[in-house]
Amino acid sequence: MEIRKITINHYEELVNLWQRASLPFKPKGRDSKEAIAKQMGANPEFFLGAFENRRLVGAIVLSSDGRKGWMNRLAVDPDFRRRGIASALVAEAERVLRDQGVKIFCALIEDENEASKRLFRKLGYVEHRDIIYFSKRESDDV
Ligand SMILES: CC(C)(COP(=O)(O)OP(=O)(O)OC[C@H]1O[C@@H](n2cnc3c(N)ncnc32)[C@H](O)[C@@H]1OP(=O)(O)O)[C@@H](O)C(=O)NCCC(=O)NCCS
């Protein structure tokens, strides 16, 4: 397994991976091909893929607001789980963000997602039960 940058040429494979992983995503909003291409243009190192014999089997999308670094859209192909791929992606994501001066790494996880909560706990992330996420959206698609 090799972890390296994903380019826009991997877009269809990336969407396919998200679908196989049953990960909700926004194909008409921030996950459209145009939106992803724009994000990749600004921060090419923020899109990481795990490749097994050239097949994309895992991915993570990073973002940074300059204060905190965020782990988004983490997904591993169901046939390749429990082999440490997500752990390796998060470790590499932290390295990329650390290189940019980021010292706080964060992830938003749905409460019922036990696998993801266990993963992040194992990797040293602290759960904040006292925080409730608020957002304001222009539409459901964004
Ligand atoms: C969550 C997910 C990314 C984990 O990927 P993975 O490559 O299987 O994870 P790893 O092999 O690195 O697992 C590391 C540790 O996380 C925990 N973990 C991972 N999957 C787990 C599961 N299904 N149940 C319980 N614990 C789990 C375990 O502690 C595991 O260590 P272990 O295998 O030694 O017990 C994967 O299940 C997935 O793609 N899920 C669907 C999409 C999703 O929920 N993404 C996260 C959005 S926040």
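Residues numbered from 1 in each chain as written. Predicted model: local features only at pLDDT ≥ 70, side-chain atom pairs only at ≥ 80, totals over all residues. Heavy atoms only, no water.

Colleague: Would you take a moment to explain the nonpolar core for this structure?
Modeller: What tends to happen in soluble globular proteins is that the nonpolar side chains get buried as a cluster. Counting residues in hydrophobic clusters, the biggest one holds 38 residues, and the most contacted among them are Trp18, Ile60, Leu62, Met71 and Leu74. Within the residue set of this core, elements represented by two or more residues are helix H1 (11–20), helix H2 (33–42), strand E2 (47–52), strand E3 (55–64), strand E4 (69–76), helix H3 (85–99) and helix H4 (114–122). Of all the elements, H3 adds the most residues to this core, at seven residues. Apart from the residues within four sequence positions on either side, leucine 74 is in contact with Leu23, Ala59, Ile60, Ala86, Leu89, Val90, Leu119 and Phe120. (Core = buried A, V, L, I, M, F, W, Y, C linked by side-chain atoms within 4.5 Å. Buried < 20%, exposed > 50% of the residue type's maximum accessible area, 1.4 Å probe, protein only. Helix = DSSP H or I, 4+ residues; strand = E, 2+ residues; numbered from the N terminus. Contact = heavy atoms within 4.5 Å.)

Colleague: Could you clarify how one ought to interpret the sheet that holds E2 in this entry?
Modeller: Strand order in the open sheet made by the five strands is E1-E2-E3-E4-E5, with mixed pairing throughout. What marks the edges here is a single partner per strand, and that holds for strand E1 (2–5) and strand E5 (105–107). Put simply, the sheet's adjacent strands are angled 30° from each other on average, direction ignored. Sheet topology note: the E4/E5 ladder contains three bridges and is parallel. Residue pairing for E5: tryptophan 70 is matched across the bridge by cysteine 106. (Pairing = 2+ DSSP bridges. Axes fitted to C-alpha atoms, helices over the stretch in contact; angles between N-to-C directions.)

Colleague: Help me out: how do you make sense of the packing of aromatic side chains in this one?
Modeller: By the definition in use, this model includes two aromatic pairs. Between tryptophan 18 and phenylalanine 25 the ring centres are 5.3 Å apart and the planes differ by 45°, which places this aromatic pair in the tilted class. Phenylalanine 25 matches tryptophan 18 in its accessibility class, with the two residues each being buried. For the pair phenylalanine 120 and tyrosine 125, a centre-to-centre distance of 5.0 Å together with 80° between the ring planes defines the contact as edge-to-face. For phenylalanine 120, a relative accessible area of 6% corresponds to the buried category. According to the relative accessible area criterion, tyrosine 125 is buried, its value standing at 16%. Seen from the ring of phenylalanine 51, arginine 4 lies directly overhead, with NZ or CZ sitting 3.9 Å from the centre. (Phe/Tyr/Trp six-rings, centres within 6.5 Å; stacked < 30°, edge-to-face > 60°. Lys NZ or Arg CZ within 6 Å of the ring centre and 35° of its normal.)

Colleague: Help me out: how do you make sense of the site of the ligand in this one?
Modeller: The full set close to the ligand counts 20 residues, and Leu74, Arg82, Gly84, Ser87 and Asn113 are the nearest of them. The contact in question runs from an oxygen atom of the ligand to an N or O atom on the backbone of valine 76, over 2.8 Å. Taking arginine 82, its main chain carries an N or O atom lying 2.8 Å from an oxygen atom of the ligand. Contact with the protein chains covers 77% of the free accessible surface of the ligand, which is 910 Å². The set of elements that each furnish at least two residues to the shell around the ligand consists of E4, H3 and H4. Per element, the largest residue contribution to the shell around the ligand is five residues, and it comes from H4. Here the shell around the ligand is composed, by residue class, of eleven nonpolar, four polar and five charged. (Near = heavy atom within 4 Å. Polar contact = N/O pair within 3.5 Å; in protein donor to acceptor, adjacent residues only side chain to side chain. Areas by Shrake-Rupley, 256 points an atom, 1.4 Å probe, with all protein chains shown as cover. Nonpolar A, V, L, I, M, F, W, Y, C, P; charged D, E, K, R; others polar.)

Colleague: Which parts of the structure should I look at to understand unusual backbone geometry?
Modeller: Generally, phi is negative for residues other than glycine and the peptide bonds are trans, each holding for most cases. Unlike most non-glycine residues, serine 22 shows phi in positive territory, near 55°. Along the chain, serine 22 falls in the loop between H1 and H2. Relative accessible area serves as the criterion here: at 63%, serine 22 is assigned to the exposed category. Although it is not a glycine, arginine 54 adopts a positive phi angle of roughly 70°. For arginine 54, the position within the fold is in the loop between E2 and E3. Arginine 54 gets classed as exposed once you look at its relative accessible area, which sits at 75%.

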